[in-house]
Amino acid sequence: EVQLVESGGGLAQPGGSLTLSCAASGFTFSSYWMSWVRQAPGKGLEWVANIKDDGSEKYYVDSVKGRFTISRDNAKNSLYLQMNSLRVEDTAVYYCGCMVRREAFDIWGQGTMVPVSS
Amino acid sequence: DVVMTQSPLSLPVTLGQPASISCRSSQSLVHSDGNTYLNWFQQRPGQSPRRLIYKVSNRDSGVPDRFSGSGSGTDFTLKISRVEAEDVGVYYCMQSIYWPWTFGQGTKVEIK
(Lines give C-alpha, C1' and ligand atoms only; values in the text may rest on other atoms or scores of the structure.)
Protein backbone atom coordinates (compact mmCIF):
# COMPACT_ATOMS: atom_id res chain seq x y z
CA GLU A 1 0.00 0.00 0.00
CA VAL A 2 1.24 3.44 -0.93
CA GLN A 3 1.48 5.41 2.29
CA LEU A 4 2.99 8.40 4.08
CA VAL A 5 2.95 8.55 7.87
CA GLU A 6 3.97 11.69 9.75
CA SER A 7 5.20 11.77 13.32
CA GLY A 8 6.91 14.12 15.72
CA GLY A 9 4.19 16.67 16.27
CA GLY A 10 3.31 18.00 19.68
CA LEU A 11 3.29 21.08 21.85
CA ALA A 12 6.26 23.39 21.33
CA GLN A 13 7.17 26.67 22.99
CA PRO A 14 7.76 29.89 21.09
CA GLY A 15 11.43 29.99 20.20
CA GLY A 16 11.69 26.25 20.54
CA SER A 17 12.49 23.49 18.08
CA LEU A 18 10.79 20.39 16.78
CA THR A 19 11.56 17.85 14.08
CA LEU A 20 8.81 16.22 12.07
CA SER A 21 9.33 12.91 10.29
CA CYS A 22 7.47 11.29 7.44
CA ALA A 23 7.85 7.58 6.66
CA ALA A 24 7.13 6.51 3.09
CA SER A 25 6.16 3.06 1.90
CA GLY A 26 4.74 1.37 -1.16
CA PHE A 27 6.52 3.49 -3.76
CA THR A 28 10.07 4.34 -4.86
CA PHE A 29 10.63 7.22 -2.46
CA SER A 30 14.05 8.10 -3.87
CA SER A 31 12.53 8.90 -7.28
CA TYR A 32 10.23 11.70 -6.19
CA TRP A 33 10.26 15.28 -5.01
CA MET A 34 8.61 15.59 -1.60
CA SER A 35 6.68 18.40 0.05
CA TRP A 36 5.50 19.74 3.40
CA VAL A 37 2.20 21.62 3.47
CA ARG A 38 0.55 23.06 6.58
CA GLN A 39 -2.89 24.17 7.67
CA ALA A 40 -3.46 26.50 10.60
CA PRO A 41 -6.62 25.83 12.63
CA GLY A 42 -9.67 26.81 10.59
CA LYS A 43 -7.53 28.16 7.77
CA GLY A 44 -6.54 27.12 4.27
CA LEU A 45 -3.60 25.14 2.96
CA GLU A 46 -0.12 26.67 2.82
CA TRP A 47 2.78 25.07 0.99
CA VAL A 48 5.89 25.10 3.22
CA ALA A 49 8.82 23.39 1.50
CA ASN A 50 9.92 21.03 -1.27
CA ILE A 51 12.98 18.84 -1.71
CA LYS A 52 14.23 17.22 -4.88
CA ASP A 53 14.47 13.44 -5.18
CA ASP A 54 18.20 13.41 -4.48
CA GLY A 55 18.08 16.22 -1.92
CA SER A 56 20.11 18.59 -4.08
CA GLU A 57 17.45 21.29 -4.32
CA LYS A 58 15.26 22.73 -1.58
CA TYR A 59 12.65 25.48 -1.67
CA TYR A 60 10.79 27.23 1.14
CA VAL A 61 7.98 29.69 1.64
CA ASP A 62 9.41 33.02 2.82
CA SER A 63 7.82 32.83 6.27
CA VAL A 64 9.95 29.79 7.23
CA LYS A 65 13.21 30.52 5.40
CA GLY A 66 16.16 30.45 7.77
CA ARG A 67 14.10 28.72 10.47
CA PHE A 68 12.91 25.44 8.88
CA THR A 69 15.03 22.85 7.08
CA ILE A 70 13.65 20.12 4.87
CA SER A 71 15.76 17.00 4.43
CA ARG A 72 15.46 13.37 3.46
CA ASP A 73 17.14 10.01 3.93
CA ASN A 74 16.45 7.89 0.87
CA ALA A 75 18.01 4.84 2.50
CA LYS A 76 15.38 5.07 5.23
CA ASN A 77 12.52 6.21 2.94
CA SER A 78 12.06 9.17 5.23
CA LEU A 79 11.40 12.89 4.95
CA TYR A 80 12.06 15.41 7.70
CA LEU A 81 11.22 18.98 8.65
CA GLN A 82 13.50 20.55 11.24
CA MET A 83 11.67 23.53 12.73
CA ASN A 84 13.65 26.07 14.78
CA SER A 85 12.74 29.43 16.32
CA LEU A 86 9.09 28.39 16.32
CA ARG A 87 6.46 31.09 16.43
CA VAL A 88 2.83 31.02 17.54
CA GLU A 89 1.87 31.50 13.90
CA ASP A 90 3.56 28.19 13.00
CA THR A 91 0.73 26.41 14.82
CA ALA A 92 -0.78 24.08 12.24
CA VAL A 93 -1.35 20.55 11.05
CA TYR A 94 1.68 19.61 8.97
CA TYR A 95 1.19 17.24 6.04
CA CYS A 96 3.91 15.54 4.09
CA GLY A 97 3.11 14.79 0.50
CA CYS A 98 4.34 13.61 -2.84
CA MET A 99 2.70 15.43 -5.70
CA VAL A 100 4.09 14.91 -9.19
CA ARG A 101 3.11 17.95 -11.20
CA ARG A 102 3.36 16.20 -14.60
CA GLU A 103 1.72 12.86 -13.75
CA ALA A 104 -1.20 11.28 -11.96
CA PHE A 105 0.69 10.60 -8.73
CA ASP A 106 -0.41 12.22 -5.48
CA ILE A 107 -0.03 10.94 -1.93
CA TRP A 108 -0.55 12.76 1.38
CA GLY A 109 -0.07 11.72 4.95
CA GLN A 110 -2.65 12.03 7.69
CA GLY A 111 -0.95 15.07 9.17
CA THR A 112 0.66 15.84 12.52
CA MET A 113 -0.42 18.72 14.74
CA VAL A 114 2.09 21.25 16.00
CA PRO A 115 0.68 23.72 18.54
CA VAL A 116 3.14 26.47 19.46
CA SER A 117 2.22 28.07 22.73
CA SER A 118 3.70 29.12 26.05
CA ASP B 1 4.58 35.45 -5.07
CA VAL B 2 1.82 34.29 -7.40
CA VAL B 3 -1.58 35.07 -5.91
CA MET B 4 -4.36 32.57 -6.56
CA THR B 5 -7.86 34.00 -6.22
CA GLN B 6 -10.88 31.70 -6.04
CA SER B 7 -14.56 32.45 -6.34
CA PRO B 8 -16.97 31.91 -4.83
CA LEU B 9 -15.62 31.19 -1.35
CA SER B 10 -18.84 29.44 -0.37
CA LEU B 11 -20.96 27.32 -2.69
CA PRO B 12 -24.24 25.79 -1.54
CA VAL B 13 -25.36 23.20 -4.07
CA THR B 14 -28.36 20.93 -4.49
CA LEU B 15 -27.58 17.23 -4.77
CA GLY B 16 -27.44 16.17 -8.41
CA GLN B 17 -26.92 19.71 -9.64
CA PRO B 18 -23.73 21.06 -11.22
CA ALA B 19 -21.17 23.22 -9.43
CA SER B 20 -18.42 25.45 -10.74
CA ILE B 21 -15.43 27.08 -9.02
CA SER B 22 -13.26 29.75 -10.59
CA CYS B 23 -9.57 30.34 -9.98
CA ARG B 24 -7.47 33.20 -11.27
CA SER B 25 -3.70 33.53 -11.00
CA SER B 26 -1.77 36.80 -10.84
CA GLN B 27 0.67 35.49 -13.46
CA SER B 28 0.44 33.10 -16.37
CA LEU B 29 0.94 29.50 -15.31
CA VAL B 30 2.29 28.40 -18.68
CA HIS B 31 5.74 26.89 -18.27
CA SER B 32 8.48 27.06 -20.89
CA ASP B 33 8.02 23.30 -21.32
CA GLY B 34 4.55 23.98 -22.69
CA ASN B 35 2.67 22.65 -19.68
CA THR B 36 0.36 24.70 -17.47
CA TYR B 37 0.87 23.72 -13.85
CA LEU B 38 -2.51 24.35 -12.28
CA ASN B 39 -3.84 21.81 -9.79
CA TRP B 40 -7.13 21.33 -7.96
CA PHE B 41 -7.31 19.78 -4.50
CA GLN B 42 -10.23 18.49 -2.45
CA GLN B 43 -10.23 18.41 1.33
CA ARG B 44 -13.15 16.62 2.89
CA PRO B 45 -14.01 17.48 6.52
CA GLY B 46 -11.43 16.03 8.89
CA GLN B 47 -9.33 14.57 6.07
CA SER B 48 -6.01 15.24 4.39
CA PRO B 49 -5.98 17.08 1.08
CA ARG B 50 -6.22 15.05 -2.09
CA ARG B 51 -5.39 16.25 -5.58
CA LEU B 52 -8.16 15.87 -8.12
CA ILE B 53 -6.76 17.56 -11.20
CA TYR B 54 -3.25 18.30 -12.48
CA LYS B 55 -2.08 20.32 -15.49
CA VAL B 56 -5.46 22.10 -15.71
CA SER B 57 -7.58 19.22 -16.93
CA ASN B 58 -6.03 15.84 -16.11
CA ARG B 59 -7.76 13.75 -13.48
CA ASP B 60 -5.70 11.94 -10.86
CA SER B 61 -6.14 8.20 -10.38
CA GLY B 62 -9.47 7.25 -8.88
CA VAL B 63 -11.07 10.66 -9.38
CA PRO B 64 -14.65 10.35 -10.64
CA ASP B 65 -15.29 11.68 -14.13
CA ARG B 66 -17.92 14.10 -12.80
CA PHE B 67 -14.92 16.30 -11.91
CA SER B 68 -13.42 18.26 -14.78
CA GLY B 69 -10.96 21.10 -15.08
CA SER B 70 -10.54 23.68 -17.80
CA GLY B 71 -8.90 27.00 -18.52
CA SER B 72 -5.68 28.50 -19.74
CA GLY B 73 -3.11 31.16 -18.92
CA THR B 74 -4.48 32.79 -15.78
CA ASP B 75 -8.13 31.69 -15.65
CA PHE B 76 -9.24 28.25 -14.62
CA THR B 77 -12.40 26.41 -13.63
CA LEU B 78 -13.25 23.25 -11.73
CA LYS B 79 -16.65 21.76 -12.53
CA ILE B 80 -18.61 19.04 -10.82
CA SER B 81 -21.24 17.80 -13.25
CA ARG B 82 -23.62 16.39 -10.61
CA VAL B 83 -22.78 17.01 -6.97
CA GLU B 84 -22.92 14.01 -4.65
CA ALA B 85 -22.95 14.02 -0.85
CA GLU B 86 -19.32 12.84 -0.72
CA ASP B 87 -18.23 16.00 -2.58
CA VAL B 88 -18.80 18.18 0.47
CA GLY B 89 -15.59 19.86 1.53
CA VAL B 90 -13.19 22.62 0.60
CA TYR B 91 -11.64 22.88 -2.85
CA TYR B 92 -8.34 24.63 -3.52
CA CYS B 93 -6.55 25.57 -6.70
CA MET B 94 -2.76 25.56 -6.52
CA GLN B 95 -0.01 26.64 -8.87
CA SER B 96 3.15 24.53 -9.08
CA ILE B 97 5.19 26.50 -11.59
CA TYR B 98 6.72 29.24 -9.43
CA TRP B 99 8.40 29.04 -6.02
CA PRO B 100 6.78 29.34 -3.59
CA TRP B 101 3.90 27.15 -4.73
CA THR B 102 0.69 28.88 -3.70
CA PHE B 103 -2.89 27.86 -2.99
CA GLY B 104 -6.12 29.75 -3.45
CA GLN B 105 -8.16 30.66 -0.36
CA GLY B 106 -10.43 27.65 -0.76
CA THR B 107 -14.08 27.24 -1.77
CA LYS B 108 -16.38 25.52 0.69
CA VAL B 109 -18.92 23.29 -1.06
CA GLU B 110 -21.94 22.35 0.99
CA ILE B 111 -25.30 20.78 0.31
CA LYS B 112 -28.34 23.07 0.40
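These remarks concern the structure in this document. (Residues numbered from 1 in each chain as written. Chains lettered and ligands numbered in written order. Predicted model: local features only at pLDDT ≥ 70, side-chain atom pairs only at ≥ 80, totals over all residues. Heavy atoms only, no water.)

### Quick look at the sheet that holds strand β3 (residues 19-25) of chain B
Residue and element names in this part refer to chain B. Strand order in this open sheet of 4 strands is β1-β3-β8-β7, and the pairing throughout is antiparallel. The open sheet is flanked by β1 (4-7) and β7 (67-72), the only strands paired with a single partner. Taken over all neighbouring pairs, the strand axes of this sheet differ in orientation by 20° on average, direction set aside. As paired elements, β7 and strand β8 (residues 75-80) share 6 bridges and run antiparallel to each other. Paired with Ser 70 across the strands is Thr 77, a residue of β8. (Pairing = 2+ DSSP bridges. Helix = DSSP H or I, 4+ residues; strand = E, 2+ residues; numbered from the N terminus. Axes fitted to C-alpha atoms, helices over the stretch in contact; angles between N-to-C directions.)

### What about the state of the cysteines?
Going through the model one piece at a time under the given rule, you end up with 2 disulfides over all chains. Here A:Cys22 pairs with A:Cys96 through a disulfide, and the sulfurs are 1.9 Å apart. Residues A:Cys22 and A:Cys96 are joined through a disulfide that is right-handed, its torsion about the S-S bond being 45°. Highlighted residues: A:Cys22 in strand β2 (residues 18-25) and A:Cys96 in strand β8 (residues 92-99), separated in sequence by 74 residues. Per residue, the accessibility class of A:Cys22 equals that of A:Cys96, and both read buried. Between the sulfur atoms of B:Cys23 and its disulfide partner B:Cys93 the distance amounts to 2.1 Å. (Disulfide = S-S within 2.5 Å. Buried < 20%, exposed > 50% of the residue type's maximum accessible area, 1.4 Å probe, protein only.)

### Examining the sheet that holds β2(A)
Each strand in a sheet pairs with its neighbour through backbone hydrogen bonds, running either in the same direction (parallel) or in the opposite one (antiparallel). Residue and element names in this part refer to chain A. If you walk across this open sheet you meet the 4 strands as β1-β2-β7-β6, and the pairing is antiparallel. The open sheet has two edge strands with one neighbour each: β1 (3-7) and β6 (68-73). Averaged over all pairs of adjacent strands, the angle between their axes in this sheet comes to 15°, without regard to strand direction.

### Remarks on the pairing of strand β9 (residues 89-95) of chain B
On a regular strand, each side chain points to the face opposite its neighbour's, so the side chains alternate between the two faces of the sheet. Residues and elements named next belong to chain B. The buried fraction of β9 amounts to 6 of the 7 residues, a majority that puts the element mostly inside the structure. Note that strand β4 (residues 38-43) and β9 share 6 bridges and pair antiparallel. Of the residues in β9, the one forming a bridge with Trp 40 is Cys 93. Judged from the 3 bridges that link them, β9 and strand β11 (residues 107-111) form a sheet pairing that is antiparallel. Counterpart to Gly 89 in the pairing with β11 is Val 109. Taken together, β9 and the strand that follows it, strand β10 (residues 102-103), pair antiparallel across an intervening segment of 6 residues.

### Describing the pattern of salt bridges
Counted under the stated rule, the structure contains 11 salt bridges over all chains. Between A:Glu46 and A:Arg38 there is a salt bridge; the shortest N-O distance is 2.6 Å. Note on A:Glu46: relative accessible area 29%, which makes it partly exposed. For the salt bridge of B:Arg66 with B:Glu84, the shortest nitrogen-to-oxygen distance reads 3.5 Å. Taken together, the positions of B:Arg66 in the loop between β6 (58-59) and β7 and B:Glu84 in the loop between β8 and β9 put the pair 18 residues apart, joining distant regions of the chain. Under the relative-accessibility criterion, B:Glu84 is labelled partly exposed at 38%. The structure contains a network of salt bridges with shared partners spanning A:Arg38, A:Glu46, A:Arg67 and A:Asp90. (Salt bridge = Lys/Arg side-chain N within 4 Å of Asp/Glu carboxyl O.)

### Comments concerning the nonpolar core
Ranked by size, the top nonpolar core spans 43 residues in total, and within it A:Phe27, A:Trp36, A:Leu79, A:Leu81, A:Met83 and A:Tyr94 carry the most contacts. Counting only elements with at least two residues in this core, the list comes to β2, β3 (34-39), β4 (45-51), β6, β7 (78-83), β8 and β9 (106-108) of chain A together with β9 of chain B. Take this core: its biggest share by element is 6 residues, from β8(A). Not counting residues within four places of it along the chain, the set of residues in contact with A:Tyr94 comprises A:Glu6, A:Leu20, A:Trp36, A:Val37, A:Arg38, A:Phe68, A:Leu81, A:Met83, A:Gly111, A:Thr112 and A:Val114. In terms of nonpolar packing, the next biggest core, distinct from the first, is built from 24 residues, B:Leu11, B:Leu29, B:Phe67 and B:Phe76 among them. (Core = buried A, V, L, I, M, F, W, Y, C linked by side-chain atoms within 4.5 Å. Contact = heavy atoms within 4.5 Å.)

### A few points about the packing of aromatic side chains
Two aromatic rings are characterised by how far apart their centres lie and by the angle between their planes. Under the defined criterion, the tally for this structure stands at 14 aromatic pairs over all chains. The interplanar angle of 5° and the centroid separation of 4.0 Å between the aromatic rings of A:Tyr59 and B:Trp99 together place this pair among those described as stacked. Placement of A:Tyr59 in strand β5 (residues 58-60) and of B:Trp99 in the loop between β9 and β10 is noted, with the two residues assigned to different chains. For A:Tyr59, a relative accessible area of 24% translates into the label partly exposed. With a centroid separation of 5.2 Å and an interplanar angle of 5°, the aromatic rings of B:Trp99 and B:Trp101 are classed as stacked. Since its relative accessible area comes to 8%, B:Trp101 is described here as buried. Every member of this aromatic cluster is reached through a ring pair, and the members are A:Trp33, A:Trp47, A:Tyr59, B:Trp99 and B:Trp101. For the cation-ring pair, A:Arg72 lies above A:Phe29, with the distance from its terminal atom to the ring centre recorded as 4.3 Å. Over the aromatic face of B:Tyr37 sits the side chain of A:Arg101, whose NZ or CZ is 4.1 Å from the ring centroid. (Phe/Tyr/Trp six-rings, centres within 6.5 Å; stacked < 30°, edge-to-face > 60°. Lys NZ or Arg CZ within 6 Å of the ring centre and 35° of its normal.)

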